[in-house]
Amino acid sequence: MNLRILLNTTTPADKVLFSLLIIVSLSGYLFADKLLPENPSVRIEVNGKPVYILRVTENRTVPVKGPHGYTYVEIKDQRVRISGSPCANKLCVQQGWISSGALVCLPNRVVVTIGKQTEENMPVDAITG
Amino acid sequence: MKINFILHNPEFGPGSLRYIFSVLHLSACLLLLVSLSACSSQKDRVFSKTRVLMDTAITITVVAASQEGAEKAIDSAFREIEKIGKLSDFYSSGSEISLINKKAGISGVKVSPDVLQLVEKAVYVSEKTGGAYDMTIGSVSGLYDFHKKVLPGKDAVRKGLRLVNYRDISIDRSVSSVFLKKEGMLIDPGGITKGYAADKALECLKKEGIASGIISVAGDIRAFGSKPDGRPWNIGIRNPRAESREDDVMATIELMDAAISTSGDYERFFFSDNVRYHHILDPRTGRPASRCISVSIIADEAAYTDAFSTGIFIMGPEQGMKVLEEMKFNGVIVDNRGRIHMTPGIGGRIEFKNSP
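Residues numbered from 1 in each chain as written. Chains lettered and ligands numbered in written order. Predicted model: local features only at pLDDT ≥ 70, side-chain atom pairs only at ≥ 80, totals over all residues. Heavy atoms only, no water.

Overview of the sheet that holds strand β9 (residues 249-255) of chain B
- Strand order in the open sheet made by the four strands is β8(A)-β8(B)-β9(B)-β16(B), with mixed pairing throughout. Of all strands in the sheet, those bounded by a partner on one side alone are β8 (126-128) of chain A together with β16 (350-352) of chain B. On average, each strand axis in the sheet is tilted by 25° relative to the strand beside it, whichever way the strands run. (Pairing = 2+ DSSP bridges. Helix = DSSP H or I, 4+ residues; strand = E, 2+ residues; numbered from the N terminus. Axes fitted to C-alpha atoms, helices over the stretch in contact; angles between N-to-C directions.)

Given below as structure tokens:
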């Protein structure tokens, strides 16, 4: 076919050029994966502003300062919970451990979300109820 | 065709300058093609942002090509939600809803198009649920305090109930005003505002060029379009009896262009003498409704799913299923014995995880 004629008439330099261009284009796939962080992360926001983005694989407890004082966010075994809070009703502490979704302390304006930014395999995209 | 032209044109001898340029041109085209296809697979990503507005957590998720585009759209949707929250805040004295309440029995109040629509939709749902959903419940709901575990006395509830009747809301579209006929009446838009805000946020996202995403206003969810891989969004329905874990789901359901809301007795409640007192009050008794423990409704608009889920929760499974059939809505009802009632249209799209 025409493609064969094309191949016959191209010089070795052309072929090198072609393959080089194809390799460069394809390497985009690899680099895109490398450049975009895919690890799930714990994101902590106060009043809508991010204050921490933490790795879920690192066990730790961080104090987060809100308008009423310190909310304590604990990360352990790839899960996260609010372990202490200055708020009155402690609903945030009662939420317990989660491995996906969000923990919220309304009075202290703290929002903790866990999960990937580009989530493909999350069991649910949102929860009603 | 281009290749043919190049190869059969006598002017294109190998080695000629034009031939080299043509090969270069071809290569460039090929490069562009390959790199474009590489881009498109990375193009659409999911971006998500959570904020506290209207005294609740709101998460907006969008599918977009760039972070900047996503954030711009999400921020504009948040501004819209904030605006609606301010107009309809039951507790803030400056809101339009408070003005309507203050002028109850005195005069009508000119309101913005948003509040007019909100009240109109609320009255519509009241009509369709035989008054089970009724935003004039404010004169009773204000007597309860679920944080301080305050139960009102019987006399106070009886007195409040006299002012509960959605038919006493008078709407004048021509001058965009709302009038409560009886003095002391209070409209509490809590059962519809969050859904309405989700609907309006969706309009904002669409204006910003977003084709798919989810707006979740504390469990009132409006989903549109699909995930980047073309699959529908997966929405979890919270397990009504897993109080310590917010992410424990009873079932997951696939949603594309629709809204879903769930009303449950587990949201704001306290126990007194082993009775669960929760925030969904029956306008006929002034007491928490007890026929259901969880009601999820699927429809086109979140304002409707929000209000109908409350109304049907109060009506109970038998009457509730009739309303769903009449409205052509889908729904899942868990009654007070843990039995699940489901509309036929939901089959195949729902997957149960744990029975409540």
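Considering the side chain of Thr343 of chain B
All names here are of chain B.
- If you trace the backbone, Thr343 turns up in the loop between β15 (340-342) and β16.
- The class of Thr343 is buried, set by a relative accessible area of 6%.
- At 3.0 Å, the side chain of Thr343 and the backbone nitrogen of Gly331 are in polar contact.
- In contact with Thr343, not counting residues within four places along its chain, are Met321, Leu324, Phe329, Asn330 and Gly331. (Buried < 20%, exposed > 50% of the residue type's maximum accessible area, 1.4 Å probe, protein only. Polar contact = N/O pair within 3.5 Å; in protein donor to acceptor, adjacent residues only side chain to side chain. Contact = heavy atoms within 4.5 Å.)

As for the nonpolar core
All names here are of chain B.
- Counting 69 residues, the largest nonpolar core has Ile60, Ile169 and Ile215 as the members making the most contacts within it.
- Among the elements that line this core, the one with the most residues is helix α9 (residues 302-315), at nine residues.
- Taken domain by domain, the makeup of this core includes at least three residues from each of domain 2 (91-187) and domain 3 (232-356).
- Dropping the residues within four chain positions of it, Ile215 is found in contact with Thr59, Ile60, Ile81, Ala198, Ala201, Leu202, Leu205, Asp220, Ile221, Arg222 and Phe224.
- Membership of the second largest hydrophobic core comes to 21 residues, among which are Ile214, Ile237, Met250 and Ile298. (Core = buried A, V, L, I, M, F, W, Y, C linked by side-chain atoms within 4.5 Å. Domains from an automatic or database assignment.)

Here we look at the confidence of the model for chain A
Residue and element names in this part refer to chain A.
- Of all residues in chain A, 87% attain a pLDDT of 70 or more, and the chain-wide mean is 81.
- Helix α1 (residues 2-9) is the least confidently modelled element of chain A, averaging 75 in pLDDT, while strand β4 (residues 69-76) averages 93, the highest of any element.
- Considering only residues more than four positions removed or in separate chains, one finds that residues 117-121, a stretch of pLDDT under 50, has 10 contacts. (pLDDT = per-residue confidence, 0-100.)

Overview of the side chain of Ser126 of chain B
- By the secondary structure assignment, Ser126 of chain B is in helix α5 (residues 113-128).
- Excluding its chain neighbours within four sequence positions, the residues that come into contact with Ser126 of chain B are Gly131, Tyr133, Asp134 and Tyr166 of chain B.

Notes on the confidence of the model for chain B
- For chain B, the average pLDDT comes to 88, and 86% of its residues sit at 70 or higher.
- Counted against residues more than four places away or in other chains, residues 1-8 of chain B, with its pLDDT under 50, gives 13 contacts.

Focus: the state of the cysteines
All names here are of chain A.
- Across all of its chains, the model carries zero disulfides over all chains by this definition.
- Unpaired in this structure, Cys92 has its nearest cysteine sulfur neighbour in Cys105, at a distance of 3.7 Å.
- Taking the relative accessible area as the measure of exposure, Cys92 reaches 2% and is therefore buried. (Disulfide = S-S within 2.5 Å.)

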